[in-house]
Amino acid sequence: MPGSEESDTDIILERSLVDDETLVGLIIEEKRRKNAVILVHNYQRPEIQDIGDFIGDSLGLALKASETDSDVIVFCGVHFMAETAAIVNPDRIVLLPEIRAGCPMADMAPLDAVRKAKRLHPNAKVISYVNTTAAVKAESDYCCTSSNAVRVTQEVDADEILFLPDQNLAGYVAKQVTDKRIIPWEGYCHVHQGITAEHVLEALEKHPGAETIAHPECTDEILSIADHIRSTSGMVAAAQESSATEFIVATESGMIYPLKRAVPSKSFYPTANEPLCPNMKLITLSKVLWALETLEPRVVVPREVRARALIPVEKMLSL
Ligand code: 13P
Ligand code: SF4
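Quantities reported herein were computed from a predicted structural model and do not represent experimental measurements.

**Student:** What is the right way to look at unusual backbone geometry in this model?
**Tutor:** Excluding glycine, residues mostly carry a negative phi; peptide bonds, for their part, are mostly trans. Following Leu164, the chain continues to Pro165 via a peptide bond in cis, the omega torsion being 0°. Cis geometry marks the peptide bond from Glu296 to Pro297, where omega comes out at -10°. In this structure, Glu274 takes a positive phi of about 45° despite not being glycine. The topology assignment puts Glu274 in the loop between strand 12 (267-270) and helix 16 (285-294). Here the phi dihedral of Leu295 falls at roughly 55°; this positive angle occurs in a residue that is not glycine. As for its placement among the helices and strands, Leu295 is situated in the loop between helix 16 and helix 17 (303-317). Since its relative accessible area comes to 17%, Leu295 is described here as buried.

**Student:** Would you take a moment to explain the site of ligand 1 for this structure?
**Tutor:** If you check the shell around ligand 1, you find His41, Tyr43, Asp57, Ser58, Asn131, Ser146, His192, His215, Glu217, Ser231 and Thr232 and nothing else. Residue Glu217 places a side-chain N or O atom 2.9 Å away from an oxygen atom belonging to ligand 1. The contact in question runs from an oxygen atom of ligand 1 to an N or O atom on the side chain of Thr232, over 2.5 Å. Protein chains shield 96% of the accessible area of ligand 1, which is 300 Å² for the free molecule. Of the residues contributing to the shell around ligand 1, the split by class is one nonpolar, eight polar and two charged.

**Student:** What's the story with the sheet that holds strand 4 (residues 93-95) in this structure? I'm lost.
**Tutor:** Within a sheet, neighbouring strands are paired by backbone hydrogen bonds and run either parallel or antiparallel to one another. If you trace the four strands from one edge of the open sheet to the other, you get 2-1-3-4, paired in parallel fashion. Only two strands of the sheet have a single partner each, and these edge strands are strand 2 (54-56) and strand 4. In this sheet, neighbouring strand axes are inclined to one another by 20° on average, regardless of whether the strands run parallel or antiparallel. Lying on the sheet, helix 16 is in contact with strand 1 (36-41), strand 3 (72-76) and strand 4; it crosses strand 3 at an angle near 160°.

**Student:** Please explain the site of ligand 2 as it appears in this structure.
**Tutor:** For ligand 2, the full set of nearby residues is Tyr43, Val78, Cys103, Pro104, Met105, Asn131, Cys189, His190, Val191, Glu217, Cys277 and Met280. Of all the secondary structure elements, the ones that give two or more residues to the shell around ligand 2 are helix 6 (104-107) and helix 11 (190-193). In the shell around ligand 2, the residues fall into nine nonpolar, two polar and one charged.

**Student:** Looking at this structure, I do not really get a negative patch on the surface. What am I missing?
**Tutor:** A surface patch of negative charge is lined by Glu6, Asp8, Asp10 and Glu14. Assignment of secondary structure puts Asp10 in helix 1 (residues 8-15). Judged by relative accessible area, which is 34%, Asp10 ranks as partly exposed.

**Student:** Help me understand the pattern of salt bridges, please; the structure alone is not making it clear to me.
**Tutor:** As a working rule, side chains carrying opposite charge can pair if their charged atoms are close by. Throughout the structure, instances matching the rule amount to 17 salt bridges. With a shortest N-O distance of 2.6 Å, Lys34 and Glu30 are connected by a salt bridge. With a gap of four residues between them, Lys34 and Glu30 both fall in helix 2 (residues 20-34), about one helical turn apart. Owing to a relative accessible area of 9%, Glu30 belongs among the buried residues under this scheme. A salt bridge links Arg308 to Glu139, with the nearest nitrogen and oxygen atoms 3.7 Å apart. Here Arg308 is found in helix 17, whereas its partner Glu139 is found in the loop between helix 8 (134-137) and strand 6 (142-144), with 169 residues between them in sequence. Here the salt bridges share partners, and the residues they tie into one network are Glu29, Glu30, Arg32, Arg33 and Lys34.

Thresholds, definitions, all that
- Residues numbered from 1 in each chain as written.
- Chains lettered and ligands numbered in written order.
- Predicted model: local features only at pLDDT ≥ 70, side-chain atom pairs only at ≥ 80, totals over all residues.
- Heavy atoms only, no water.
- Helix = DSSP H or I, 4+ residues; strand = E, 2+ residues; numbered from the N terminus.
- Buried < 20%, exposed > 50% of the residue type's maximum accessible area, 1.4 Å probe, protein only.
- Near = heavy atom within 4 Å.
- Polar contact = N/O pair within 3.5 Å; in protein donor to acceptor, adjacent residues only side chain to side chain.
- Areas by Shrake-Rupley, 256 points an atom, 1.4 Å probe, with all protein chains shown as cover.
- Nonpolar A, V, L, I, M, F, W, Y, C, P; charged D, E, K, R; others polar.
- Pairing = 2+ DSSP bridges.
- Axes fitted to C-alpha atoms, helices over the stretch in contact; angles between N-to-C directions.
- Contact = heavy atoms within 4.5 Å.
- Patch = residues over 30% accessible without salt bridge, like charges linked within 9 Å, V, L, I, M, F, W, Y side chains within 5 Å.
- Salt bridge = Lys/Arg side-chain N within 4 Å of Asp/Glu carboxyl O.
- Lys, Arg positive; Asp, Glu negative; His and termini not counted.
- Charge placed at Lys NZ, Arg CZ, Asp CG, Glu CD.

Pasting the structure below:
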């Protein structure tokens, strides 16, 4: 309209009034024009998963990002995941359609505090869960994800390990790797921390034959009653491999969608509290389209930080 000043937010809001089918058509067209790939985490909204070229867990997404020859990576996940994509593939434009999509657990390990902890434990090697900022990865010896945390810890050549930022994942690893002293950081994921044994038992009461699959970010109380402990994509494999036909899924409820899609013959139920990660739900179809059209918002890791962060990430990817 002549004379009117429309902000980016107005345009995204207007777009959200357009039906999904039209938005998807425009996204596919723009994706082709920009030679882009859309990488999607398992917790994303179903309509975002449906437009993904690859849907997966943190490790799978990092690997895909490192391998792609597309010019643009549209990352539908949270900030640390997009940063990891920028670390492993610096020649691509990495877009995070909602730049405020963060991970509160990653923010629980600020750079200054990590440096201070390293000074307090000079003999310890630092393993950073992928849910950390690029700056913290740059201070770390190894990186890991929920699917390889035990393996990475076994590989580390040190008696003492500073494991950050998830105390629950650290506790889980410490139970498997008993010949090393694991010093846990006091961070946690609020989504997984909120799942209690009562929430699992309530779901089990409704589905008494079900097996429980839990994410290792859950507390020990949950992990001790779970039949399977897996990363998000590992949950799909567990459901495929198990003879059970019903599962209680102790993680973010968005995970039910990829599980049903991959294993349609079986049934999946969230824990009674139906946990949601609000950050993971911030990305919408209209924001994806806007990102593709404008090639913003970009996630850029400063060159010097990237060079140092790449070392622990590459050590993990090479396993
Ligand atoms: P995954 O790597 O298992 O997908 O976990 C990422 C995450 O943020 C879980 O809360
Ligand atoms: Fe972070 Fe938890 Fe959300 Fe995963 S579910 S992105 S760990 S806040």
